[in-house]
Amino acid sequence: MTKYYPKAGYKGDIYIGSTRIAGGATWSYSGSTRAMQETDEFNDEIKTDIPLQITGGEVTITGNYLMSQDAGQQLLKTKFDDGSQITDLKLYLSVTDSIYMTPDSTTTPASYATVTNYDNVTHDKSGIGTFTCTFKISGKMKPTY
Amino acid sequence: MTDLFTAIMMRYNAAALSGSLTGLYNTQAPQDAVSPYCVFQLISDDADWTFSENVENCLLQFNLFSDESSPAEICTLFDLLKDAFDFHELTIDNYETIYMVRENSNLTRIEDVWQYNTTYRILLGEL
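Remember, predicted model here, so these are calculated numbers, not experimental data. (Residues numbered from 1 in each chain as written. Chains lettered and ligands numbered in written order. Predicted model: local features only at pLDDT ≥ 70, side-chain atom pairs only at ≥ 80, totals over all residues.)

> Tell me what's going on with the pairing of strand S5 (residues 113-126) of chain B, and back it up with residues and numbers.
Residue and element names in this part refer to chain B. By the bridge criterion, twelve bridges tie strand S3 (residues 54-66) to S5 in an arrangement that is antiparallel. Counterpart to Leu60 in the pairing with S5 is Tyr120. Here strand S4 (residues 95-110) pairs with S5 via 14 bridges, running antiparallel. Opposite Tyr99, over in S5, you have Leu123 as the bridge partner. Remark: two residues form the turn of the hairpin made by S4 and S5, two consecutive strands paired antiparallel; Glu111 in that turn has positive phi of roughly 50°. (Pairing = 2+ DSSP bridges. Helix = DSSP H or I, 4+ residues; strand = E, 2+ residues; numbered from the N terminus.)

> So what's going on with the pairing of strand S8 (residues 99-103) of chain A? Residues and values would help.
Residue and element names in this part refer to chain A. Bridge analysis of strand S7 (residues 89-94) against S8 gives three bridges, and the strand direction is antiparallel. Across the sheet, the residue bridging to Leu91 is Met101, located in S8. Two successive antiparallel strands, S7 and S8, enclose a turn made up of four residues, where Ser98 displays a positive phi of approximately 50°.

> So what about helix H1 (residues 71-82) of chain A? Which residues, and what values?
Residues and elements named next belong to chain A. The end-to-end C-alpha separation of H1 is 16 Å, in line with the 16 Å expected for twelve residues at 1.5 Å each. For H1, the complete set of buried residues consists of Gln73, Leu76 and Lys79. For H1, the angular spread of buried residues about the axis comes to 110°, placing them on one side. Opposite its buried face, H1 presents the exposed residues Ala71, Asp81 and Asp82, each directed more than 90 degrees away. Its buried side turned inward, H1 meets strand S9 (112-122) and strand S10 (130-138). (Expected span 1.5 Å × (residues − 1). Buried ≥ 20, exposed ≤ 12 C-beta atoms within 10 Å, placed from the backbone. Arc of directions from axis to C-beta. Contact = placed C-beta atoms within 7 Å.)

Structure, rendered in structure tokens:
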């Protein structure tokens, strides 16, 4: 039986298209959520639910703040300002193995990410400047490998 | 662990580091080893298990030795050691290298011999 192991964190990365978001240190995806509606009523002993729509969730990336030096971080601002529907966001688990999560193009309509919060910066005298950027996922992300 | 030691030696022989050392020895160098040389030693191997997979979490230490008066040679060797092993995916029979990361290093000089001691954490998954 073939056995599989998770990828080491340092093999990850963050790209929009071919532009790397330099300084990236973590990414997280909240995952899709299926809304459920309770359908039980008086005298029902057991609660029952029916499935409703799927919500795409959020992607959050954090890292070292390099806005003045890095084209990737500057691209986040551009995408925020114009409200782009980003279809080529790539959250890598392993760059060398080309394993990543990206908006699912097979949904109808095709999924995309939108920057909803950028330049969320913390700078502390005893540390280094860090940033957080948030994307709203319309549709869902899917793993590609 | 024979498989790990073999993989370490294979990587050493393929890397530029081997061209700058007289030898790489497992745990103990011979008395007549010629400077500069390197000794590696398995410090620890902690086994871990999931429901279906076995993992070996190893600490491996490399000790570089140089009898030059200047630290220049041993610092160059340290750079070559990093080039050879930092984040390297060891090719090991029956195992997958999940990661190989350098954890800490220290430079010291004892009885006119420079020593650069470097520890790597290696996580291996049994196939």
